[in-house]
Amino acid sequence: MPEGDVVWRVSRQLDEALAGQALTRSDFRVPRFATTDLSGRVVREALSRGKHLLIRVDGGVTVHTHLRMDGSWRIWPAGRPAPRDHRVRLVLENARWQAVGYLLGVVEVVPTAREDRVVGHLGPDLLGPDWDAGEAVRRLSAAPDRPIGEALLDQANLAGIGNLYKSEVLFLRGISPWQPAGGAGDLEPVVELARRLLEANKDRVGQVTTGNPARGEQTWVYGRPGRPCRRCGTAVLADGRAGRGAPAAERVTFWCPACQPGEAR
């Protein structure tokens with residue numbers, strides 16, 4: 001699933017293409033909103049909230065989308081016929097640009113005044129103006145027995161961390177992902193490191209946590225099962241068991257058992 005920095009970058013691209021322009025076409029290819037027509041309305045702004053995308057339109061309307069695992073937005077010059085591809089879920093077009101949402105996990109229209117219905121449950125946004133490290137720590141600490149790796153992925157604690165940053169941040173802080181949140185030490189450096197990494201990567205394609213953008217060198221442990229730890233040489237481990245009913249494929253955890261000592265579950 002795309003992480004908060006990727007979604008932030010998509011929101012900037014949508015904002016540049018759509019904001020301040022009247023829609024000439026809106027094509028919702030999901031049953032619930034198939035008859036919705038926003039043509040003629042001006043897009044006010046597009047922004048991200050954690051991993052959610054909000055496109056605010058005149059008339060007090062917000063188009064809410066979520067990429068989930070396979071979603072993407074593609075933007076190209078207006079004027080061409082909208083794709084007939086069965087994967088397309090939404091088309092928004094103005095006089096200059098056509099934005100096409102493929103395989104979006106969520107597509108809905110909500111009153112702008114009630115956006116809290118879809119994003120109100122989220123914790124502080126790592127890339128948002130509401131970022132509050134203290135509040136994020138308070139939320140993480142509210143369930144002290146919960147494994148810290150699982151707690152960091154819970155968007156109700158803080159919004160934007162995905163599997164890559166969970167694994168990388170815990171490695172860099174030397175914390176086992178299975179350590180209970182209440183025993184993981186001071187959590188403020190953990191969440192602030194996560195924020196710094198997302199900030200560092202939000203303007204580029206690809207995510208680098210090692211400082212080396214060369215192919216195969218971008219991460220410390222993420223995506224490197226069985227390979228030697230870059231610090232100590234111990235084989236990196238991977239565990240696909242998920243917490244709280246999440247699909248295991250979405251939440252594989254990578255860690256170094258030597259650099260991140262603690263009991264693996």
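Brief notes about the nonpolar core
Among the nonpolar cores identified, the biggest contains 28 residues, and Ile-148, Leu-152, Leu-158, Ile-161 and Val-191 are the most heavily contacted of them. If you list the elements that add at least two residues to this core, you get helix H3 (133–141), helix H4 (148–153), helix H5 (163–173) and helix H6 (188–201). Per element, the largest residue contribution to this core is six residues, and it comes from H6. In this structure Ile-161 touches Glu-3, Lys-51, Leu-126, Leu-152, Leu-153, Gln-155, Lys-166 and Ala-194, once residues within four positions along its chain are discounted.

Describing the packing of H3 against H6
Packing of H3 against H6 leaves a shortest axis separation of 9 Å and a crossing angle of 120 degrees. Classified by the angle their axes make, H3 and H6 are oblique. Here H3 and H6 pass one another in a crossing that is right-handed. Across the interface between the two elements, Ala-133, Ala-136, Val-137 and Leu-140 of H3 pack against Glu-188, Val-191 and Glu-192 of H6. Taken together, the residues of the contact of H3 with H6 break down into five nonpolar, no polar and two charged.

Focus on the sheet that holds strand E4 (residues 61–66)
The strand order across the open sheet built from four strands is E2-E3-E4-E8, with neighbouring strands paired in antiparallel fashion. Pairing within the sheet leaves two strands with one partner each, and these edge strands are strand E2 (43–49) and strand E8 (106–111). Adjacent strand axes in the sheet meet at a mean angle of 20 degrees, parallel and antiparallel pairs treated alike. As paired strands, strand E3 (residues 52–57) and E4 are joined by six bridges and run antiparallel to one another. Bridging from a neighbouring strand, Ile-55 pairs with Val-63 of E4. With respect to the sheet, helix H1 (residues 4–18) is in contact with E2 and E3, its orientation differing from that of E2 by roughly 175 degrees.

Considerations on the packing of H5 against H6
Relative orientation of the contacting elements H5 and H6 amounts to 125 degrees, with a least axis distance of 10 Å. It follows from the interaxial angle that H5 and H6 lie oblique. Between H5 and H6 lies a crossing of right-handed hand. Of the residues in H6, those in contact with Tyr-165, Val-169, Leu-172 and Arg-173 of H5 are Pro-189, Val-190, Leu-193, Ala-194, Leu-197, Leu-198 and Asn-201. Residue classes in the contact of H5 with H6 are distributed as nine nonpolar, one polar and one charged.

What about the pattern of salt bridges?
The final tally for this structure, using the stated rule, is 14 salt bridges. Residues Asp-154 and Arg-146 are paired through a salt bridge, measuring 2.7 Å at the closest nitrogen-oxygen approach. One continuous salt-bridge network, built from bridges that share partners, spans Glu-45, Arg-56 and Glu-115.

Focus: the confidence of the model for the chain
Here the chain averages 94 in pLDDT, while 95% of its residues score no lower than 70. This model gives residues 242–249 a pLDDT under 50, and the stretch forms ten contacts once residues within four places in sequence are excluded.

A closer look at H1
An α-helical segment advances 3.6 residues per turn. Residues three or four places apart therefore align on the same side. Helix length check: H1, at 15 residues, gives a terminal C-alpha distance of 21 Å against a target of 21 Å (1.5 Å per residue), a fit within 8%. Burial within H1 is extensive, with eleven of its 15 residues counted as buried. Restricting attention to buried positions, one finds in H1 the residues Gly-4, Asp-5, Val-7, Trp-8, Arg-9, Val-10, Ser-11, Leu-14, Asp-15, Ala-17 and Leu-18.

Cut-offs and rules
- Residues numbered from 1 in each chain as written.
- Predicted model: local features only at pLDDT ≥ 70, side-chain atom pairs only at ≥ 80, totals over all residues.
- Heavy atoms only, no water.
- Core = buried A, V, L, I, M, F, W, Y, C linked by side-chain atoms within 4.5 Å.
- Buried < 20%, exposed > 50% of the residue type's maximum accessible area, 1.4 Å probe, protein only.
- Helix = DSSP H or I, 4+ residues; strand = E, 2+ residues; numbered from the N terminus.
- Contact = heavy atoms within 4.5 Å.
- Axes fitted to C-alpha atoms, helices over the stretch in contact; angles between N-to-C directions.
- Parallel < 35°, antiparallel > 145°, perpendicular 65-115°, else oblique.
- Left-handed = near helix turned anticlockwise from the far one by under 90°.
- Nonpolar A, V, L, I, M, F, W, Y, C, P; charged D, E, K, R; others polar.
- Pairing = 2+ DSSP bridges.
- Salt bridge = Lys/Arg side-chain N within 4 Å of Asp/Glu carboxyl O.
- pLDDT = per-residue confidence, 0-100.
- Expected span 1.5 Å × (residues − 1).

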